[in-house]
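Next come the chains, spelled out residue by residue.
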Amino acid sequence: MLDLAFVRDHLPLVEEKLRQRGMDPAVLDDFQELDHERRAAITESETMKARRNQLVGDFQRLKKEAQGTAPNLQEQKELKQKISDAETRAEKLDAKLRNILIGIPNLPHDSVPLGKSEADNLEVRRWGMPPHFDFTPKPHWELGEQLGVLDMDRAAKITGARFAVYWDLGARLERALMNFMLDLHTGEHGYTEVLPPFMVNAESMYGTGQLPKFEADLFKVPHGEKNLYLIPTAEVPVTNLYRDETLDGARLPISLAAYTPCFRSEAGSYGKDVRGIIRQHQFQKVELVKFAKPEQSWDEHEKLTRNAEQVLQKLGLHYRTVALCTADLGFSASKTYDIEVWLPGQGLFREISSCSNFTDFQARRANIRYRPEGGKKTELVHTLNGSGLAIGRTWVAIVENYQQADGSVLIPEPLIPYVGTDRITAKKF
């Protein structure tokens, strides 16, 4: 959430940043009037409180001097009601302002390329080369079925569309990727592993920006008098680990890595990516989350993105990294890099990780602060996260890029110790 004082002092800038995102700044049309009325109500209340305090002091003097106190008491009584009315008015106006701010996305960083759609995203680098085939490469859904390692039909039978069953070496490859990614990030990149709950409360969803705007994309689980939500990404529980806490500035940056399943209803995306496992209601992911001081966060954003890229480099997978333009940014992000892996069976690049700096946008919603070293006044942290990586899509990339003419799939060398073999061959179950 944006800071109210910042919006007040920089309203033209905020409106321009919203236009860059493709939003109508008319959502802020009532902001100035409501803010003026709120501040006037607060000033009125404080002025009357000062007068009431004066009357209380005068009452003691009048009583001591045996003078009449009735007018004094009457004015105190009237002020009490007027103060209550002013405070109630200020609270209602504050709630209206908060509702406006809740619906406003984070502001794009000045380095974010301007654009009107994803077509305006800017490629910043590319790594490796696409594999050469002397045959027509197949998409992963054909290979997975032919090898007997990916079963969409049985998944549909036991659950429904957009779910998958992995068999044998297909399941083992998924598990191998999880362990490989966690070992890399904790062993070489310095992240601390954490295993959070896979369901969270509404406060956690609000803290990272999924609620209230994106409730339709979530799986809700009634639980007593409240609802719980299946997590759409480990970003939610891991970021909220420090909700309503003040961190020691000497500890920052804090870097955490978490494996979780992720659950998304994919509302509004029906008809897209219906083949295979690109867009599922349930998928697995290793997530990277950072908490940093404001002056650290942009360097940490670059570092986090490079950490995610290294997974693909070690697996020998061709990819490109693009900076999302202003119109393609997620709601909470100030800047995002998408890492897109090459899928030869489909002849396209596909996003496999989004690495974002949220600045203090999530921290303000979740009340995550830090105390600077030697300082007394606390400040909001900057939060960052990115997939390191989406496991299912990495599985897809390996199957499509390492397929052989005989229909088998080679296992990338770093994964062989985890999988226990160097090749996936056909088997039926």
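Draft legend 1. Structural context of the sheet that holds strand 4 (residues 192-193). Read across the sheet, eight strands follow the order 1-11-12-13-16-10-9-4 without closing on themselves; strand pairing throughout is mixed. The open sheet is flanked by strand 1 (122-127) and strand 4, the only strands paired with a single partner. This element, helix 10 (residues 297-314), spans strand 1, strand 10 (282-292), strand 11 (319-323), strand 12 (335-343), strand 13 (348-357) and strand 16 (382-390) of the sheet and lies at about 5° to strand 16. Contacts from helix 12 (residues 391-401) reach strand 9 (254-263), strand 10, strand 12, strand 13 and strand 16 within the one sheet, and its direction differs from that of strand 16 by about 35°.

Draft legend 2. Representation of helix 12 in the model. In terms of residue burial, helix 12 counts as a mostly covered element, since eleven of its eleven residues are buried. Those residues of helix 12 not exposed but buried are Ile391, Gly392, Arg393, Thr394, Trp395, Val396, Ala397, Ile398, Val399, Glu400 and Asn401.

Draft legend 3. Examining the sheet that holds strand 14 (residues 368-371) more closely. Taken together, the three strands give an open sheet; going across it, the order is 8-14-15, and neighbouring strands pair in mixed fashion. Unpaired on one side and paired on the other, strand 8 (245-248) and strand 15 (379-380) mark the two borders of the sheet. With four bridges connecting them, strand 8 and strand 14 associate as parallel partners. Bridging across to strand 14, leucine 247 finds its partner in tyrosine 370.

Draft legend 4. A negative patch on the surface, seen in detail. Residues Asp24, Asp29, Asp30, Glu33 and Glu37 make up a contiguous surface patch of negative charge. Considering the arrangement of structural elements, one finds aspartate 29 in the loop between helix 2 (11-20) and helix 3 (31-64).

Scoring rules and cut-offs
- Residues numbered from 1 in each chain as written.
- Predicted model: local features only at pLDDT ≥ 70, side-chain atom pairs only at ≥ 80, totals over all residues.
- Heavy atoms only, no water.
- Pairing = 2+ DSSP bridges.
- Helix = DSSP H or I, 4+ residues; strand = E, 2+ residues; numbered from the N terminus.
- Contact = heavy atoms within 4.5 Å.
- Axes fitted to C-alpha atoms, helices over the stretch in contact; angles between N-to-C directions.
- Buried < 20%, exposed > 50% of the residue type's maximum accessible area, 1.4 Å probe, protein only.
- Patch = residues over 30% accessible without salt bridge, like charges linked within 9 Å, V, L, I, M, F, W, Y side chains within 5 Å.
- Areas by Shrake-Rupley, 256 points an atom, 1.4 Å probe, with all protein chains shown as cover.
- Salt bridge = Lys/Arg side-chain N within 4 Å of Asp/Glu carboxyl O.
- Lys, Arg positive; Asp, Glu negative; His and termini not counted.
- Charge placed at Lys NZ, Arg CZ, Asp CG, Glu CD.

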